[in-house]
Structures are given as structure tokens and as C-alpha cells.
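Close look at the chain arrangement
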Amino acid sequence: MSSEQQTRPSHLPATETLTVEFKSDLKRLPDDELAAALVCLANSEGGELWLGVEDDGTPTGLHAAHRNLAGLPGLVAARTSPSLNVTVEALELAGLRVARIAVGRSVSDVATTTGKYLRRRLKPDGTPECVALLPHERSSRASHFGLVDASAQAVAGATLADLDPLERERLRQTVQQYGGDRVLLELDDEALDGALGFTTRNEAGLRVPTLTGLLVIGREAALREKVPTHEFAFQVLAREAVAFNEFRRFPLLKALDWLETNFRPYNPEKEIQVGLFRVPVPKVDMGAFREALANALVHRDYHRLSAVHVRLDDDGLTISNPGGLVEGVTLGNLLTTEPRPRNRALADAMKRIGIVERSGRGVDKIYRGMLRFGRPEPDYSRTDGNSVILRLATVAADEVFLQLVVEHEGRQSGDPLPIDSLIALAVLREHKRLNAEELAQHIQRDTTRARRTLEQLLEAGLVEAHGNTRSRSYTLSVDMYQAKGDKLAYTRQVGFSQVQHPEMALNYVRQHGRIQRNEVMALCHLSESQAKALLQRLKDEGRLVQHGARRWTYYTLGGSERP
């Protein structure tokens, strides 16, 4: 450990970051520079400025002009617009007095009174810097906070001639195909454009296209010229070789059709028999694919010059779009938060057309399309402030699990399992045992809701409960394990908590009617001689009865164990 690390005060950050700034005050930091540094933080993630600390993190103390910190908040407020509210704390570091100035993240854009709009970013080497907050970035930031809906604004230079009659006809066909708002089919072109927010009035009172209008029914040439940020790519990689790689700028309805048409040849489908019905089992559920694709195109940030990417490789399907999650939406509340569309007018239009989930719960549809087939849940873990990245694994479906889900839904008059129940069953498939507190984290709800979900699955016969109410845990039911041909796993899970081997063997017989030596070996992790000795002991005690001989030998409950 270096001497610098040994002497650095523990509460002083180790280095500058996106939310930490060090400022030397040896030569008295100018007031305008102090205000600019705080504006930079406020227009990013907020943070703290350490005044009297060098760039390398060495405390050197405050200038005499800044020893009285009482007036510092007023100085910052007077030199920023709108006025920033900061908190100032005096600290002694290595015998020197420094100031820690904390500022929160501002919803509205903040400037210095000299007119500087600044934001903080990380350079390629990981160190922070302040750069100008450009006009398009201010618009993007306002959309992120839900202050401005760019999709409802008129597009500069666009005219009604930029709207394509063929795309308007495609829209009407889409409404019929996907069960959209059929009222739209009764409207003429002008009324339709008004109802879906495709046009607005300019200062002269003339109808002009909005961003929503151009994106949905605009001509491709107009989109290239007037909305250069709109672009999407479909890529297929097989063993790192490029099998398909094309970029397009089609209007959205045509884009969705084109992407689905080109994706289908790479999405093979088989069928399984469930009762009297044939159930399709695709590589990727098409409902989840459409919803994820529509979400990426509708909720992307159209201020950013970057494409929506749809990439299929050997491990899965990845769909990414520029612009991170909007304010208020996090990976921790993705399943439960109220819809907060970045492009509200565009999202509303696509809902009425029938393209995206009208309830605004499209994420549930994506989860259902994965979990129902026994596949891993959708993976959003690579999402950051610049992009939303969704990964859908293309592992083989668990056909037995799908069959059990379909059969249960059939007994429930065809009503689908709630998404919380599907998540619970998926977690149990992976972790074998679960309690309400653990499930609450997976479904992003409180423990009461999680316990209610588990109890509903218990009533449906899909899980079994173990223990009292306070420490109750749950496993998949014996029927689930028997359907999967894994009776050993069921008994091992039910009897795993410090149970004696004799009791584990007896539990197995109670649940399945009989047991053989090889089953005892697998269940209790015993050698052949140990399993033979255990069965002989239970037989001598009258707890098991032997039937057959040699390789056909099996055991059932003896008289002392029968109810």
C-alpha cells in the first residue's frame, strides 16, 4: 500500500468519478468556475464537489477567501439559472479545512448566468470531464425526464406530401390483423391523421406531419432526409460468420413486417401433443419477439444518431436501442412500474393500431414468452444510461414443463398463468426450494404478494409447502417431478434438511409406493453396500417388506409403517 493511500482520509473519495469532482483552491477558485463545475454535476447525475482538494485527491485546504462557507450556497444560487440548491459541509482532512459541496440531479436544464450549459461524462480512459450540453442533448434529456414529447412535435421542413398513402393503407390492414381500435377504420385520411397524432398545426394554421406521423406512415426518402436518427439493423451470426447483415430506414409498420419476415427463416418451430391439441414450440416466441421489437423502435431516443440492433447468434437474440431507461424506470421495478413512454404520442398511436400491448404491460408479454417454455427469464442486465439491451436465450424448451403449464391452463378454462406464478415456477425449477422473501425479489413486489402467489400455486397443486408459516418454504409438487421423470429429485428436495437416510428412504416409498437399491443409492448418495445394509436394516425392523429377488428386488412399506 502506498503512503498516499495510507494517509488519505477514509471519507474522501479515492478518485474523481462521474459524481465526484476535486477542485484546488490554492489560488482561489474563481466563482464562475465553481458555478460551472456544479452546473456540470447537476445536469448529469448530481454528486459532490470537494473544494480544497487537488485533482490527484490530495487535500491542500481552502483559500482564505473561502474560509467562511456560510455565503457559498447564496453565491452558487446567484450564478446559476435556475438557481441551484447546494449543501455545504466543512471538513478537516490531514489538518487542512476543505469543503464538500453536494448538489442533486436537476430535472430541468441548468446553466450558469453567463449562458453555459454543461454536462459531465467519462472519457475513454475512465476519467471525468465537463463538456457542452448541446441543443439536441437538451431535447434528449427533457424527453428522458418526461418533460417534452418529441414524437408529438412537428418535424422541421416536413409537409403532408411526405406521408405515404401506401403506408396509411398498411396501417388500416394492421388494425384489422392485430385487433387494433376499429374506430380508426371508419375515419378518412385527415381524421385518421388527427386521431393518431400524425399531424399538428403550425404557426400559419397549416397541417404538418409530426415525428410520429413520419415514423409510422412517412415516405422512406423523407425519413432519410428529415429524421436521420431513424435506422434499424438485422444481423444473424452463425459460429461468428455473418449470415445476414442489413440496415434499413423503413417506416415503422413496414419495418416490423420486414424484420418479422426475415427473422422467421431463422426461427424453426416444432409441435408437441398436449391432450387433443398440437402446441407450437418455436426457437423464439413470436409474441415476445414482436413486443420486444416494437418496444425498441417505439421507446428509443430519436435524438441520438444510432440504430436499433436486432442480432441473432448461437446463444440467443439480442435487441438493443439507443437511450437508456426513462426516469423512474429501473431494472429493479421493470415488472411493476407504471408505463412511462419516452415518446408518448408514438406509443399511444402504436397501441391504438394494435402493435404494442394496450395495457402498457409489454414486458409481461416478453417474460411470458420465455418462461412458459421453461426458458430463462429475459435478461436486461447489460442496460445502461445510453441504451436498453435485451437478451433472449434460445436454449431448448422444457417440453414437459410447457405441457404441465398448458394442461393447468386448460383446467382453468384457458386462462393463462399469472406472470408472477410463471416466475415462481421458473425460480423453483432452477433453485429447487423457495420462500416468500426470495420470490418477492424476483417478482419485484412485497412479501405479502409473493406469499399469496405461492399459496395460489399450492392450491393449484403445482407446488408443495414445508414448515410453519414463519419459515415456510416451497418446492415443486410431486406431480411436477413425476411428470419430468425425476422422482429422486423430489424426495431429495423434500427431505434434504438433515434427515436420516432411513427416513429419506421411507419418505420415498410413501410418496412413490416402492423403492429399489439403485434408487436408495441415488437418493442418499450411498455406495451399493451401504444401500444394501440400509434396506436390510429397515427390513429387519419390519419397516419395509422385500418383494422379488436379485435385480428385480423392490421394497414396500412394512406393517409398522402403514397408516
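Structure first, text after, so check above.
Within any chain, residue numbers begin from 1 and follow the written order of that chain's sequence. Whole-chain, interface and lining totals are the exception, using all residues; otherwise, since this is a predicted model, local features are given only for residues with pLDDT of at least 70 and side-chain atom pairs are given and counted only at 80 or more. Based on all heavy atoms of the structure, the side-chain values leave hydrogens and waters out of the count.

Quick word on the overall build of the protein chain
Regarding its fold elements, the protein chain presents 21 helices and 22 strands. In this setup the radius of gyration rests on C-alpha atoms only. A globule is expected at 2.2 Å times the number of residues raised to 0.38. Taken over the C-alpha trace, the protein chain has a radius of gyration of 32 Å; the compact-globule value for 563 residues is 24 Å, which it surpasses by more than 25%. Along the three orthogonal principal directions, the C-alpha set of the protein chain runs to about 95 × 75 × 45 Å. Summary of the burial criterion: residues with accessible area below 20% of their type's maximum are buried, those above 50% are exposed, and those between are partly exposed, where the area comes from a 1.4 Å probe applied to protein chains only. Counting across all 563 residues of the protein chain, residues that qualify as buried make up 48%. Note on contacts: a residue pair qualifies if any of its non-hydrogen atoms lie within 4.5 Å across the two residues. Relative to all contacts within the protein chain whose residues are 6 or more apart in sequence, the contacts with residues 24 or more apart total 60%. Accessible surface area values rest on a Shrake-Rupley calculation with a 1.4 Å probe, where residue burial reflects the displayed protein chains alone. Of the roughly 27400 Å² that the protein chain leaves accessible, carbon and sulfur atoms contribute 48%. Charge convention: Lys and Arg are scored as positive, Asp and Glu as negative, and His as well as the terminal groups of each chain are ignored. Working definition for charges: the position is that of NZ of Lys, CZ of Arg, CG of Asp or CD of Glu. If the 73 positive side-chain charges of the protein chain are averaged to one point and the 74 negative ones to another, these points end up 4 Å apart. The secondary structure listing takes helices from DSSP runs of H or I that are at least 4 residues long and strands from runs of E that are at least 2 residues long, numbered from the N terminus.

A closer look at the state of the cysteines
A disulfide bridge is the covalent bond that connects two cysteines by way of their sulfur atoms. A pair of cysteine sulfur atoms is labelled a disulfide when the two atoms are within 2.5 Å. All chains considered together, the criterion is met by 1 disulfide. Across a sulfur-sulfur distance of 2.0 Å, C40 and C130 are joined as a disulfide pair. Judged by the sign of its S-S torsion, about -120 degrees, the bond between C40 and C130 is left-handed. Residue C40 is found in helix α2 (residues 31–42), and its partner C130 is found in strand β8 (residues 128–132); the two are separated by 90 residues along the sequence. Note on C40: relative accessible area 0%, which makes it buried.

Notes on the side chain of N333
Positionally, N333 belongs in the loop between β16 (316–322) and α11 (344–353). A polar contact is formed between the side chain of N333 and the backbone nitrogen of T330, at a distance of 2.8 Å. For N333, the contacting residues outside a window of four places in its chain are G328 and Q444. Contacts described as polar in this section are N or O atom pairs within 3.5 Å, which, within protein, must combine one atom able to donate a hydrogen with one able to accept it, while residues neighboring in sequence count only if both atoms come from side chains.

Quick look at the sheet that holds strand β12 (residues 241–248)
Read from one edge of the open sheet, 5 strands run β12-β11-β15-β16-β17, paired in mixed fashion. Bordering the open sheet on either side are β12 and β17 (387–393), each of which pairs with just one other strand. With direction set aside, neighbouring strand axes in the sheet form an average angle of 10 degrees. Here, a strand pair is defined by DSSP locating no fewer than two bridges between the strands. In terms of strand pairing, strand β15 (residues 308–312) meets β16 through 4 bridges, oriented antiparallel. Each bridged residue has a counterpart across the sheet, and for L312 the counterpart in β16 is L317. Against the sheet, helix α9 (residues 252–263) contacts β11 (232–238), β12, β15 and β16, and its axis sits at roughly 10 degrees relative to β11. Here an angle of 0 to 180 degrees is reported between the N-to-C directions of two axes, which are lines fitted to C-alpha atoms, with helices fitted over the stretch in contact. Its contacts with the sheet place helix α10 (residues 286–299) against β11, β15, β16 and β17, and it is angled at close to 20 degrees to β16.

Looking at the sheet that holds strand β4 (residues 86–93)
The sheet built from 4 strands is open, its strands ordered β1-β2-β5-β4 with mixed pairing. Bordering the open sheet on either side are β1 (20–23) and β4, each of which pairs with just one other strand. For this sheet the average axis-to-axis angle between neighbouring strands, irrespective of direction, equals 20 degrees. Here 8 bridges tie β4 to strand β5 (residues 96–103), and the two strands are oriented antiparallel to one another. Bridge pairing in β5 links E92 to R97.

Examining the pattern of salt bridges
A side-chain nitrogen of Lys or Arg and a carboxyl oxygen of Asp or Glu constitute a salt bridge if their distance falls within 4 Å. As enumerated under the stated definition, the model contains 36 salt bridges in all. With a closest N to O distance of 3.6 Å, E437 and R451 form a salt bridge. Of this pair, E437 sits in helix α15 (residues 436–443) while R451 sits in helix α16 (residues 447–459); the two residues are 14 residues apart in sequence, bridging distant segments of the chain.

Some remarks on the nonpolar core
Buried Ala, Val, Leu, Ile, Met, Phe, Trp, Tyr and Cys residues form a nonpolar core when they are joined through side-chain atoms within 4.5 Å. Among the nonpolar cores identified, the biggest contains 88 residues, and L171, V216, L317, M350 and I353 are the most heavily contacted of them. When residues no more than four places from it in sequence are discounted, the contact partners of L171 are L192, L196, F198, V216, I217, L253 and I353. If you look at the next biggest cluster of nonpolar residues, it comprises 22 residues, including L49, L62, V103 and V110.

What about the side chain of T553?
With respect to the secondary-structure elements, T553 resides in the loop between β21 (544–547) and β22 (554–557). From its side chain, T553 meets the backbone oxygen of R550 in a polar contact 2.9 Å long. Excluding its chain neighbours within four sequence positions, the residues that come into contact with T553 are Q516, Q546, H547 and G548.

A word on unusual backbone geometry
Here the bond from S81 into P82 is cis, since omega is -10 degrees, no more than 30 degrees from zero. Inspection of the secondary structure assignment puts P82 in the loop between β3 (80–81) and β4. In the Ramachandran plot, R28 falls in the positive-phi region, its phi being about 65 degrees despite a non-glycine side chain. Relative to the assigned elements, R28 resides in the loop between β1 and α2. Exposure remark for R28: the relative accessible area of 32% places this residue in the partly exposed category. Phi at Q444 is positive, roughly 60 degrees, even though this residue is not glycine. By secondary structure assignment, the location of Q444 is in the loop between α15 and α16.

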